[in-house]
Amino acid sequence: MSVTPFNVMGSEMNTWDKDSRWWSTPYVNENKYVTGFSHVNLSGVGCPELGSLLTMAAPGPVQVDYHAYGSEALREVARPGYYCVELASGVKAELSATTRSSIERFTFPDGSGNILLNLGEGLTNESGATVRRVSATKIEGSKLMGTFCYNPDAVFPIYFALEVSQVPSESGYWKKQRPMTAEAAWDSTAGQYKLYRNYAREMSGDDIGYFFHYDRTNGPVMVKMGVSFVSIENAWENLNAEQKGFDFDKVAADADALWEEQLGRIVIEGGTPDRKTVFYTALYHSLIHPNIVNDVNGQYPLMEFGNAAATDSYKIKTGPAGQAERKMRSAGIGTVAPGENRYTVFSLWDTYRNLHQLLTLLYPEKQLDMLRSMVEMYREWGWMPKWELYGRETWTMEGDPAICVFADSYLKGLDGFDVPLAYEAFLKSADTPGLANRMRPDIDPYKADGYIPLGFFAGDFSGDNSVSHALEYYVADYALSRLAEALGHKEDAQKFYQRSLGYRNYYSAEYGCLRPINMDGTFLTPFNPEDGADFTNAPGFHEGSAWNYSFAVPHDVKGYAALMGGSGKFVKALQNVFDKGLYDPANEPDIVYPYLFSRFKGQEKRTWEEVEKILENHYRNAPDGIPGNDDTGTMSAWAVFSMLGFYPDCPGEPYYTLTRPTFQKAVITLPGGNKLTITRSAKASRATVDGRNKGYRISHDTLTGASTITWK
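1. Some words on the state of the cysteines
Using the criterion set out here, one finds one disulfide in the structure. What pairs with cysteine 47 in a disulfide is cysteine 149, and their sulfur atoms sit 1.8 Å apart. Its S-S torsion of about 95° marks the bond between cysteine 47 and cysteine 149 as right-handed, since a negative value means left-handed. Here cysteine 47 is found in the loop between β3 (36-39) and β4 (52-58), whereas its partner cysteine 149 is found in the loop between β11 (138-146) and β12 (155-164), with 102 residues between them in sequence. Here cysteine 650 stays free of any disulfide, with the sulfur of cysteine 404 as its closest cysteine sulfur at 8.2 Å.

In structure tokens:
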């Protein structure tokens with residue numbers, strides 16, 4: 001559960017409106033007109049989805065048009081686990097949450113007003129909902145979600161159970177009527193919102209809602225809501241298990257304590273208040289996704305239920321012991337093992353680069369459950385996730401990113417998942433011919449020639465992304481080669497390592513960067529390596545220019561330098577990207593760039609100089625204080641690592657590059673209780689680990705076994 005103010009529709013006083021442009025967030029600081037509070041949201045994504053089940057409190061007579069019942073926000077307070085806003089209507093709204101439920105406390109200016117649930121609006125592009133009256137204070141229902149990032153079939157329901165703390169004076173439904181002419185000339189509600197005050201069964205439609213009206217309240221009215229992605233019954237079970245009665249202060253205090261424990265694994269000293277705010281906000285953002293999807297009884301929606309591939313790939317157990325599972329599987333429901341959690345929202349093209357490394361380091365119990373979740377997704381329908389969302393695969397962006405996550409985690413000691421089954425999944429996506437390969441549909445020329453030419457494949461509206469696709473496969477195959485070697489599969493290790501070097505086919509000595517290749521094997525001409533900047537389309541590259549991708553080869557930096565003619569030319573070309581403003585801090589492929597300098601002795605200073613510039617210019621204590629959207633925590637994880645003074649520089653390699661830390665002192669409590677203390681002086685220029693010079697690239701074991709990293 002997450003509950004957040006929704007202020008992206010309903011008034012001309014807003015700067016941005018969700019229906020007038022591409023918009024994917026329920027809240028933006030420039031807007032002031034609040035039309036509700038949305039339940040279950042996505043953090044920092046590039047496509048609109050979720051952000052629905054909109055509750056709202058409004059004084060006066062019943063009004064169900066959000067243009068009218070919305071109100072300007074006057075004063076806001078926000079911290080992890082709590083939000084409060086005072087509205088121009090006089091209403092004070094406070095929000096908090098548990099894992100699977102929310103609680104809201106609404107104080108009306110004169111003790112009268114309305115609690116509204118709008119099921120017609122939200123960020124999702126899907127429509128259709130149902131709501132049913134259970135009692136005077138309880139309602140339940142569902143709403144359809146989905147179609148994230150151009151995927152019309154990737155839909156799923158959210159189920160809810162809602163209860164108010166006081167019996168209303170009256171309650172009922174509303175529905176937006178379709179426009180009608182002669183057949184409804186007598187009906188004044190044609191094309192308008194219609195209230196149903198004397199109807200108490202259930203209501204379905206595209207633009208519907210429910211209201212509770214109070215002539216006089218007995219103090220603040222509280223609203224609590226449980227959600228489930230399995231059933232209405234589970235939504236009630238979640239709500240009742242996580243909240244006893246209506247105790248807003250307890251829920252808020254528990255949320256505060258939980259966030260204090262999670263964020264308190266790192267204690268910062270020194271630095272300005274703004275820098276501390278940036279750091280802890282980034283750590284907070286890094287812990288929002290992936291998020292739990294199973295209910296308190298362990299049930300969760302099976303991956304791709306309804307897809308023939310899912311039905312065919314899972315062999316249902318037979319015999320008496322398998323009858324219950326057969327029934328559950330036929331309903332699209334799985335159950336986690338006791339003590340485990342099922343996770344969702346795997347934006348892996350983003351998060352494989354640093355967020356999962358942060359979880360592995362500081363929150364391995366969460367990371368292990370995520371690894372198990374992904375293995376079960378493969379078991380359920382035959383493919384690892386690429387960009388999974390509540391049991392549906394969206395195929396957003398490119399590559400085979402789960403390989404990198406698993407290899408990196410396993411090589412850092414996390415092995416409490418079905419390793420052979422995971423390895424089977426990776427061999428499948430790495431070797432299956434393209435026509436049958438959901439993960440790598442353009443793999444055939446990649447395997448045959450070592451690269452993907454222009455004109456072979458274009459999967460979505462972004463155009464032909466051949467170089468971007470191939471670069472992701474190179475990184476994944478390198479990670480797979482390291483995993484294969486660790487598992488004793490030496491032939492596989494060698495094969496995938498050789499594949500990972502295919503990036504060299506794209507290198508153009510004429511331009512000193514990677515360049516798309518035509519079907520006949522020649523380079524693309526004419527060619528401008530700056531085309532595609534600012535997320536515009538360019539042949540061969542997805543949401544970036546050649547310069548945003550040309551150094552995205554973290555697994556073979558020294559080999560790449562040799563290809564370019566030596567380390568001097570490599571460093572000069574890389575520095576040119578920064579000096580000419582070609583680096584994009586909001587684009588995943590190049591966020592590792594600053595750390596590549598440190599692979600060359602004597603160039604380490606360039607790393608921390610560029611990192612410090614990026615932190616200073618793009619990470620600020622302000623509403624727009626991160627570069628672009630957060631990509632489910634990826635940009636924030638970059639800041640967490642960079643401010644601490646080390647960064648995971650290559651997925652699948654258990655190593656970190658050291659950079660000069662932001663703070664005078666940081667104490668990290670690692671799993672198992674070991675404390676790592678990182679300190680720096682004002683003019684630090686040299687790092688030691690436990691008093692010894694270890695260089696500027698250290699292993700995971702060295703880092704987690706150390707007591708001190710000191711910069712002097």
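2. Considerations on the nonpolar core
Counting residues in hydrophobic clusters, the biggest one holds 133 residues, and the most contacted among them are Met384, Phe406, Phe551, Phe570, Trp638 and Phe646. Of the residues forming this core, the biggest block, eleven residues, is contributed by helix α13 (residues 466-486). Apart from residues lying up to four places away in sequence, phenylalanine 551 is in contact with Tyr560, Met564, Phe570, Ala573, Leu574, Val577, Tyr593 and Leu596. The next biggest cluster of nonpolar side chains, apart from the first, holds 70 residues, and it includes Trp23, Leu117, Phe160 and Val221.

3. Details of the pairing of strand β5 (residues 71-79)
Bridge analysis of strand β2 (residues 33-34) against β5 gives two bridges, and the strand direction is antiparallel. Bridge assignment links valine 34 to a residue of β5, and that residue is serine 71. Across six bridges, the pairing between β5 and strand β6 (residues 82-87) is antiparallel. Bridging across to β6, alanine 73 finds its partner in leucine 87.

4. A short note on the sheet that holds strand β8 (residues 101-107)
If you trace the ten strands from one edge of the open sheet to the other, you get β2-β5-β6-β7-β8-β17-β12-β11-β10-β15, paired in antiparallel fashion. The sheet terminates laterally at β2 and β15 (202-205), the two strands that pair on one side only. As judged from the four bridges shared by β6 and strand β7 (residues 92-97), these two strands associate in the antiparallel manner. By the bridge assignment for β7, tyrosine 83 is matched with leucine 95. Each of β5, β6, β7, β8 and β17 (221-228) touches helix α3 (residues 248-263); the most contacted strand, β7, lies at about 50° to it.

5. Some details on the environment of threonine 522
Relative to the helices and strands, threonine 522 resides in the loop between β27 (513-514) and α15 (546-549). What makes threonine 522 partly exposed here is its relative accessible area of 38%. Spatially, the C-alpha atom of threonine 522 lies 9.3 Å from that of proline 453, the residues being 69 residues apart in sequence.

Calculation notes
- Residues numbered from 1 in each chain as written.
- Predicted model: local features only at pLDDT ≥ 70, side-chain atom pairs only at ≥ 80, totals over all residues.
- Heavy atoms only, no water.
- Disulfide = S-S within 2.5 Å.
- Helix = DSSP H or I, 4+ residues; strand = E, 2+ residues; numbered from the N terminus.
- Core = buried A, V, L, I, M, F, W, Y, C linked by side-chain atoms within 4.5 Å.
- Buried < 20%, exposed > 50% of the residue type's maximum accessible area, 1.4 Å probe, protein only.
- Contact = heavy atoms within 4.5 Å.
- Pairing = 2+ DSSP bridges.
- Axes fitted to C-alpha atoms, helices over the stretch in contact; angles between N-to-C directions.

So yeah, pure geometry; function would need other evidence.
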